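Spelled out from the first residue to the last, the chains are:
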Amino acid sequence: MAIVINRPHPEYGFPAALFRAVARRRPPLPRFRSPLRGPWLTSVFGAVLLAGLPVVILTGLLSYLAYGPQFGQAIPGDVGVLRLPQFDWPASPSWLYRITQGLHVNLGIILVPIVLAKLWSVVPKLFAWPPVRSAAQVLERLSLLGLVGGILFEIVTGLLNIQYDYVFGFNFYLAHYVGAWVFLTSFVAHVVLKLPTMVRGLRSRSLRAVLHTSTRDTRPEERDETGLVAEQPRPATTSRRGALALVFGGAAFVALLSVGQSVGPLRRLAILLPRGRNSATPGPNDFPINKTFAVTGIDAAAVGAAWRLDLQGGPGAVRFDLDALSALPQHTAELPLACVEGWSTAQTWTGVRLRDLAALAGVPAPTSAVVRSLEPGGPFAQATLTAGQVRHPDSLLALQVNGAPLSPDHGYPARVIASAVPGVHNTKWVRSIEFRSA
Ligand SMILES: Nc1nc2c(c(=O)[nH]1)N[C@H]1C(S)=C(S)[C@@H](COP(=O)(O)O)O[C@H]1N2
Ligand SMILES: [Mo]
């Protein structure tokens, strides 16, 4: 960068003498010499991220809304100026949250190798000397702090939350939500600033030509004002096509280790999303379990013959035992369970329609319903459903799955399975449902 370094920029108010003094005293910073770095390669990774990251961001924000902030059950509850316009999450199609959250988590994970490759491709800029050349560049570098810090923070918090049992407690959601906004803001700024550079970079060579170039014929890109091309590049030890194969092959491999959790036969491979791998014993209840009965602290007797379902919100109390519920008209529907953590599964559920229960409770047109479980406490012990979710013809208080009674781990004797809701709103071990009409 000899040309640029020696030329001060007095127009930005940098005293020329000071600038020159700093520029001359380059500390022993690492020098990067890969011949592959350059605007074209960075632009390829950038273009893929530009296509993928908005999907991850958008589906993440949608997930927050799907949780139902209007009922105070989205976490964090109070987000101040970061409040999003609120609406009732649609109750159909039933696979809606399965798709949005599957994309959020799985695409987020699949893009990790590409994020890392992009960072690798621009890392010499981190050690560029002098560190700043103009006031505008100071601003740009600050926005990069939010960009790089933001995305690494979101990746790390997201992955840890999936790997471990809620390591961060509920601060995770707050951190991930605020981090998302930091990232989102700097991402928009970065795209605005760099889009022309990216387009120029992409146009500088043809992908087809790159894919036909061997290691032996691999030459550095033209040195330009982006400063991405090494000053003294080493001879190529791999081609650009090799580098692309490594990065996108890595993304494909990661895809195999994550999406498997939602695609039956690959479930055992899904080490990156481990919750989706576990299951009960083989049989009709063999599908992932979020929380087992054993850890709930529910007394086994409470789900035995003494179990009763209370329906509240109507003019009088209504109570059913399991036999009485089983004698009501039963409906069967295939509905997914789609966890915020990214795994999902579709099963065939049989039970009583929630809207039928509302009618029996004396609330024929419920505007919401609060479902409470036998669990003594904790954030998943209850959930509020929207009017659309309660009234959807496939939304059930399920007594059976795949033709068999629910297993203890899947919510015996009765669980909610509602259309298009986040997994967490499918309350297991239901104790009561309060239908609201105002
Ligand atoms: N009572 C209760 N219901 C619950 C939970 C819970 O911890 N307690 N976990 C929820 C979550 S986060 C999910 S993803 C689904 C998973 O259902 P499954 O364990 O039957 O697969 O159950 C939901 N229902
Ligand atoms: Mo979940």
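This text gives an overview of the structure that appears in the document. (Residues numbered from 1 in each chain as written. Chains lettered and ligands numbered in written order. Predicted model: local features only at pLDDT ≥ 70, side-chain atom pairs only at ≥ 80, totals over all residues. Heavy atoms only, no water.)

**A look at helix H3 (residues 39-66)**
- Here H3 contains 28 residues, and its C-alpha end-to-end distance of 39 Å stays within 8% of the 40 Å for a straight helix at 1.5 Å per residue.
- Along its length, H3 reaches its greatest deviation from straightness, about 30°, at Leu50, and the proline Pro54 lies no more than four positions downstream.
- Just downstream of H3, Gly68 is the residue with a positive phi angle, here 90°. (Helix = DSSP H or I, 4+ residues; strand = E, 2+ residues; numbered from the N terminus. Expected span 1.5 Å × (residues − 1). Bend = angle between axes of the 7 residues up to and from the residue.)

**Here's the deal with unusual backbone geometry**
- The omega torsion across Ile75 and Pro76 is 0°, close enough to zero to call that bond cis.
- With respect to the helices, strands and loops of the structure, Pro76 is situated in the loop between H3 and helix H4 (96-110).
- Put simply, Tyr412 and Pro413 share a cis peptide bond, and its omega is 10°.
- Although it is not a glycine, Ala420 adopts a positive phi angle of roughly 70°.
- Among the secondary structure elements, Ala420 is positioned in the loop between strand S9 (415-417) and strand S10 (430-436).
- If you check the backbone angles, Trp429 has positive phi at about 50° while not being a glycine.
- Structurally, Trp429 can be placed in the loop between S9 and S10.
- The buried category is assigned to Trp429, whose relative accessible area is 1%. (Buried < 20%, exposed > 50% of the residue type's maximum accessible area, 1.4 Å probe, protein only.)

**Quick notes on the pairing of strand S5 (residues 368-373)**
- Most of S5 is tucked away: five of the six residues are buried.
- Bridge count between S5 and strand S6 (residues 382-386): five bridges; the pairing is antiparallel. What sits directly across from Ser368, in S6, is Thr386.
- Bridge analysis of S5 against S10 gives six bridges, and the strand direction is antiparallel. Of the residues in S10, the one forming a bridge with Ala369 is Phe435. (Pairing = 2+ DSSP bridges.)

**A few points about the site of ligand 1**
- What surrounds ligand 1 is a group of 18 residues, the closest being Pro288, Glu375, His410, Arg415 and Lys428.
- Interatomic distance of 2.7 Å between a backbone N/O atom of Asn290 and an oxygen atom of ligand 1.
- In this structure, a nitrogen atom belonging to ligand 1 sits 3.5 Å away from a side-chain N or O atom of Ser373.
- A total of 530 Å² of accessible area belongs to ligand 1 in isolation, and the protein chains cover 99% of it. (Near = heavy atom within 4 Å. Polar contact = N/O pair within 3.5 Å; in protein donor to acceptor, adjacent residues only side chain to side chain. Areas by Shrake-Rupley, 256 points an atom, 1.4 Å probe, with all protein chains shown as cover.)

Any link to function would need more than the numbers given here.
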